[in-house]
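# Geometric and topological summary
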Amino acid sequence: MTILVAYVPRPEGQAALDKGIEVALSRNEKLVVVNATSGGTKEDASFADVQDFERIQKLLEDTGLNAEVKQYVRGKNAVEEIEALVQSLPASLLIIGLRKRSPVGKLIMGSVAQELLLSVSCPVLAVKSAG
């Protein structure tokens, strides 16, 4: 089976990646790190750039894991891309990062993490960054 990490270039994305590496090593499973965004522009805070990918690739190579990094920028939202990937792998576990949000932020803004928790067909592990 495969462990899937939903990565964004923020502290919560790094926390998800760190936990994904830990779990994949302990279970001896393949690890797939995915960055999915509809935009792919520098203004999109979820878009991982070349430097992010190089750093992640090096980190994964150093662990010795069977791992790969994917990026989807095809106009679909992150939830759609990750749901499809969970089904196609199939994934044994999805790991996502959470960030602190204000009560108003929770009310007004939709949450990718919440949508993933409610919609994917595999277990989901939600982690938060130390900061």
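Reading guide: rules and limits
Residues numbered from 1 in each chain as written. Predicted model: local features only at pLDDT ≥ 70, side-chain atom pairs only at ≥ 80, totals over all residues. Heavy atoms only, no water. Helix = DSSP H or I, 4+ residues; strand = E, 2+ residues; numbered from the N terminus. Buried < 20%, exposed > 50% of the residue type's maximum accessible area, 1.4 Å probe, protein only. Contact = heavy atoms within 4.5 Å. Areas by Shrake-Rupley, 256 points an atom, 1.4 Å probe, with all protein chains shown as cover. Salt bridge = Lys/Arg side-chain N within 4 Å of Asp/Glu carboxyl O. Polar contact = N/O pair within 3.5 Å; in protein donor to acceptor, adjacent residues only side chain to side chain. Core = buried A, V, L, I, M, F, W, Y, C linked by side-chain atoms within 4.5 Å. Pairing = 2+ DSSP bridges. Axes fitted to C-alpha atoms, helices over the stretch in contact; angles between N-to-C directions.

## A short note on the overall build of the chain
Across its full length, the chain carries five helices and five strands. Ordered by position in the sequence, the α and β elements of the chain form the string β-α-β-α-β-α-β-α-α-β. The proportion of buried residues among the 131 residues of the chain is 42%. Sequence-distant contacts, at least 24 apart, represent 78% of the contacts inside the chain between residues at least 6 apart. Total accessible area computed for the chain in this model is approximately 7400 Å², and 53% of it derives from carbon and sulfur atoms.

## Things to note about the pattern of salt bridges
Within the structure shown, the criterion is met by seven salt bridges. Glu 12 serves as the salt-bridge partner of Arg 10, at 2.7 Å between the closest nitrogen and oxygen. The class of Arg 10 is partly exposed, set by a relative accessible area of 24%. Given the relative accessible area of 7%, Glu 12 is considered buried. Measuring nitrogen to oxygen at the nearest pair gives 3.0 Å for the salt bridge that ties Lys 58 to Asp 62. With Lys 58 and Asp 62 both in helix α2 (residues 50-63) and four residues apart, the pair spans about one turn of that helix. The partly exposed category is assigned to Lys 58, whose relative accessible area is 47%. Linked by salt bridges that have partners in common, Lys 30, Glu 68 and Lys 70 make up one network.

## Considering the environment of Gln 71
Structurally, Gln 71 is set in strand β3 (residues 67-72). In this structure the C-alpha to C-alpha distance between Gln 71 and Phe 47, which are 24 residues apart in sequence, comes to 8.8 Å. Not counting residues up to four positions away in its chain, the partners in contact with Gln 71 are Asn 35, Phe 47, Ala 48 and Phe 53. Here the side chain of Gln 71 touches Asn 35 through a polar contact of 2.7 Å, side chain to side chain.

## A few points about the nonpolar core
Ile 3, Leu 31, Val 33, Leu 60 and Ile 95 are the most contacted members of the largest nonpolar core, which totals 20 residues. When contributions to this core are tallied by element, the ones reaching two or more residues are β1 (2-6), α1 (11-27), β2 (30-36), α2 and β4 (91-98). Per-element tally for this core: the top contributor is α1, with six residues. Those residues in contact with Ile 3 that lie beyond four places of it in its chain are Val 23, Ala 24, Arg 27, Glu 29, Lys 30, Leu 31, Val 32, Ser 92, Leu 93 and Ile 95. With 18 residues, the next largest nonpolar core counts Val 32, Val 34, Tyr 72 and Ala 91 among its residues.

## What about the side chain of Ser 92?
With respect to the helices and strands, Ser 92 occurs in strand β4. In terms of polar contacts, Ser 92 uses its side chain to reach the side chain of Glu 29, at 2.6 Å. Excluding anything up to four places from it in sequence, Ser 92 contacts Met 1, Thr 2, Ile 3, Arg 27, Glu 29, Cys 122 and Pro 123.

## Points about the sheet that holds β2
Working definition: the strands of a sheet are paired by backbone hydrogen bonds and lie parallel or antiparallel to each other. Pairing in this open sheet of five strands is parallel, and the strands run β3-β2-β1-β4-β5 from one edge to the other. Lying at the two open borders of the sheet, with one neighbouring strand each, are β3 and β5 (124-128). Direction aside, the axes of adjacent strands within the sheet are offset by 20° on average. In the sheet, β1 pairs with β2 via five bridges, with the strands oriented parallel. By the bridge assignment, Val 5 is partnered in β2 with Val 33. Contacting β1, β2, β3 and β4, helix α3 (residues 78-88) runs over the sheet at an angle of about 160° to β2. Those strands touched by helix α5 (residues 112-119) are β4 and β5, and its axis lies near 155° from that of β4.

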